[in-house]
Each structure stands twice: as structure tokens, then as C-alpha cells.
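# Examining the three-dimensional arrangement
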Amino acid sequence: MTKPFLVFASHNANKVKEIRALIPDYKVLSLSDLNFKEEIPETGTTLEANAQIKAQRIFKEFGKAVFADDTGLLVDALKGAPGVFSARYAGADANAEANMQKLLDSLQGETNRKAHFKTSICFINEEGKSHLFTGRVDGEILTDKTGEKGFGYDPIFKAAGEKLSFAEMSPQAKNKISHRGRALNALIQFLKESEKK
Ligand code: IMP
């Protein structure tokens with residue numbers, strides 16, 4: 001049986017890899033597979049809006065079922081920062097190292113380390129109808145970078161009830177409890193239900 005395909009509106013190879021492992025029943029086409037090189041500006045003020053902007057741009061271009069995600073790390077002691085600005089926390093072209101360092105510096109001496117990752121997914125079906133899904137994982141910001149796996153803020157985030165940072169966990173263990181895993185599960189359930197109709 002040929003797998004149905006879905007476009008994932010992202011250039012991020014790490015995320016594409018995670019998403020493919022999470023939805024093996026679909027052939028996930030990335031923007032690189034489609035040779036779409038444009039960077040879609042994330043001009044929204046919420047994660048939901050940014051996910052919608054990215055999915056809509058790609059739906060307009062290809063007219064195929066597509067989903068896009070936007071993720072933020074929200075830190076309680078920083079009133080929800082970096083949130084929607086997580087990718088650009090230390091500046092427009094900041095890399096993960098610079099972003100993590102800025103966050104560690106901002107929390108120096110802070111005892112309230114509570115934080116959560118949140119992912120919003122916008123799915124647009126072949127008819128152009130949008131649906132939003134959310135996933136969240138609660139945890140804390142560590143005082144030092146720990147672990148080599150994963151990407152982004154993984155070395156400084158530990159989920160509640162876990163002993164290891166996200167960057168020390170296997171991809172499978174992280175995906176099971178992660179914000180993106182949870183949002184994606186909600187999308188998968190929705191796709192399964194839609195197939196039955
Ligand atoms: P994006 O909106 O998903 O591209 O991500 C926004 C920011 O959050 C980027 O700096 C990412 O590196 C970071 N980020 C997204 N997902 C994760 C994750 O699963 N772990 C750690 N950092 C992440």
C-alpha cells in the first residue's frame with residue numbers, strides 16, 4: 001500500500017527527522033524535498049499565528065495537505081519569555097548555544113526554574129480548511145548544559161518527573177513526552193478520525 005503524503009512546512013532537518021519517526025504511516029515531504037527555499041517570515045505574535053502563517057504560505061504554493069509547527073520555551077520567572085521569540089532570543093541570527101547562554105544568564109541566581117515547551121501545529125487539508133493542535137511539556141531549566149543529543153534548548157531542559165535532560169534522552173524517549181510529540185499525536189488522532197468519515 002502506498003502511504004498518503006503530507007507536506008511538513010519546515011526547513012529544519014532535525015524537526016523533519018523527529019516528525020518522520022513520529023508519523024511512520026505517512027510519507028512526510030519537507031520543504032527541501034519540494035525544493036522550496038524561501039524563508040517564511042514568522043511575523044505572528046503567538047505560536048498559533050506563526051504555525052498558521054507557515055502552513056498557509058505552503059498551501060498557497062502547492063495546494064496540498066500541509067502542516068506547520070511553531071514552538072516556544074516559556075519560562076515562568078521570565079514571565080513566559082522567550083516564548084514566541086525562542087529562536088531569536090539572543091538576536092536575529094542567534095544559534096542554539098547563544099540562546100541557551102542568554103537564558104542561563106537571565107536565570108542566574110533564580111530559584112524558580114519552572115518552564116514549559118509549547119508546540120502549536122496548524123494543519124490545512126486538501127480543501128484548504130485549517131485545524132490547530134497544541135502540545136505542552138512542563139519541566140525546569142537546568143543550571144548547566146547537560147547532554148549531546150537533540151537540538152535547540154534540549155541540553156538545559158529537564159521534563160518534570162524525568163532524571164535526564166532532553167539532550168540526554170533517546171529520540172524515542174523524548175518524542176514520547178515532548179511538546180511536539182503531544183501536538184503531533186493530536187494531529188494523528190484527527191487524521192485517523194477523518195479517514196473513517
Ligand atoms: P521553532 O519555532 O520550532 O523553530 O523553534 C523555536 C525555538 O525553539 C528554536 O530556537 C528551536 O531550536 C527551539 N526548539 C524547538 N523545538 C525544540 C525542542 O524540541 N527542544 C529544544 N528546543 C526546541
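To be clear, the structure that these remarks concern was listed above.
Below or above, wherever it landed, is the structure these notes cover.

So, how was this worked out
- Sequence order as written defines the numbering, with residues in each chain counted from 1.
- A pLDDT threshold of at least 70 governs which residues receive local features in this predicted model, and a stricter bar of 80 or more applies before side-chain atom pairs are shown or counted, although totals over entire chains, interfaces and linings include all residues.
- Only hydrogens and water are removed before side-chain values are computed, so all heavy atoms of the structure are retained for them.
- Only runs of H or I of at least four residues qualify as helices and only runs of E of at least two qualify as strands under DSSP, and these elements are numbered from the N terminus.
- The protein chains shown are the only cover counted for residues, whose accessible areas, like all others here, come from Shrake-Rupley with a 1.4 Å probe.
- In this tally, Lys and Arg are treated as positive and Asp and Glu as negative; His is ignored, and so are the chain termini.
- Note on charges: their place is set at NZ of Lys, CZ of Arg, CG of Asp or CD of Glu.
- The cut-offs for exposure are 20% and 50% of the maximum accessible area for each residue type, with area from a 1.4 Å probe on protein chains only; residues under the lower value are buried, those over the upper are exposed, and the others partly exposed.
- This arc corresponds to the set of directions leading from the helix axis out to the C-beta atoms.
- Residues are treated as being in contact if the distance between any of their heavy atoms lies within 4.5 Å.
- We define proximity as follows: a residue is near a molecule or strand when any one of its heavy atoms falls within 4 Å of that partner.
- The definition of a polar contact used here is a pair of N or O atoms within 3.5 Å, where within protein one atom must be able to donate a hydrogen and the other to accept one, and adjacent residues in sequence count solely through side-chain atom pairs.
- Grid points spaced at 1 Å over the protein atoms alone were grouped into cavities, where a 1.4 Å probe fits but cannot get out, and pockets, open sets with protein on both sides within 12 Å along at least five of seven lines, with lining residues defined by an atom within 4 Å of a point.
- Occupancy of a cavity or pocket is assigned to a molecule whenever over half of its atoms lie within 2 Å of that pocket's grid points.
- Residues are grouped as follows: nonpolar covers Ala, Val, Leu, Ile, Met, Phe, Trp, Tyr, Cys and Pro; charged covers Asp, Glu, Lys and Arg; every other residue, Gly included, is treated as polar.

## Quick word on the overall build of the protein
Scanning the protein from terminus to terminus reveals 5 helices and 7 strands. The N-to-C order of helical and strand elements in the protein reads β-α-β-α-β-β-α-β-β-β-α-α. Each principal axis of the C-alpha distribution contributes one length, and for the protein these read about 55 × 30 × 25 Å. Carbon and sulfur atoms make up 51% of the accessible area of the protein, which amounts to about 10,400 Å² in all. Counting 29 positive and 26 negative side-chain charges, the protein places the centres of these two groups 3 Å from one another.

## A few points about helix α3 (residues 96-106)
For α3, the complete set of buried residues consists of Asn 99, Met 100, Leu 103 and Leu 104. Viewed along the axis of α3, the buried residues span an arc of 130°, placing them on a single side of the element. Buried positions along α3 lie against β3 (66-75), β4 (82-83) and β6 (130-141).

## Observations regarding the environment of Thr 46
Among the structural elements, Thr 46 can be located in the loop between β2 (27-29) and α2 (47-62). Classification of Thr 46 as partly exposed rests on a relative accessible area of 34%. A sequence separation of 72 residues divides Thr 46 from Lys 118, and the C-alpha atoms of the two residues are 11 Å apart.

## Thoughts on the site of the ligand
Taken together, the neighbourhood of the ligand is formed by 13 residues, with Lys 15, Asp 70, Asp 154, Lys 174 and Arg 180 sitting nearest. The backbone of Thr 71 places a nitrogen or oxygen atom 3.2 Å from an oxygen atom of the ligand. The contact in question runs from an oxygen atom of the ligand to an N or O atom on the side chain of His 179, over 2.9 Å. Coverage of the ligand by the protein amounts to 90% of the 470 Å² it exposes when considered alone. More than half of the atoms belonging to the ligand lie within 2 Å of the grid points that define the largest pocket. Listing elements by their share of the shell around the ligand, those giving two or more residues are β3 and α5 (179-196). Of the residues in the shell around the ligand, the class split is 4 nonpolar, 4 polar and 5 charged.

Don't take any of this as a statement about function, it's just geometry.
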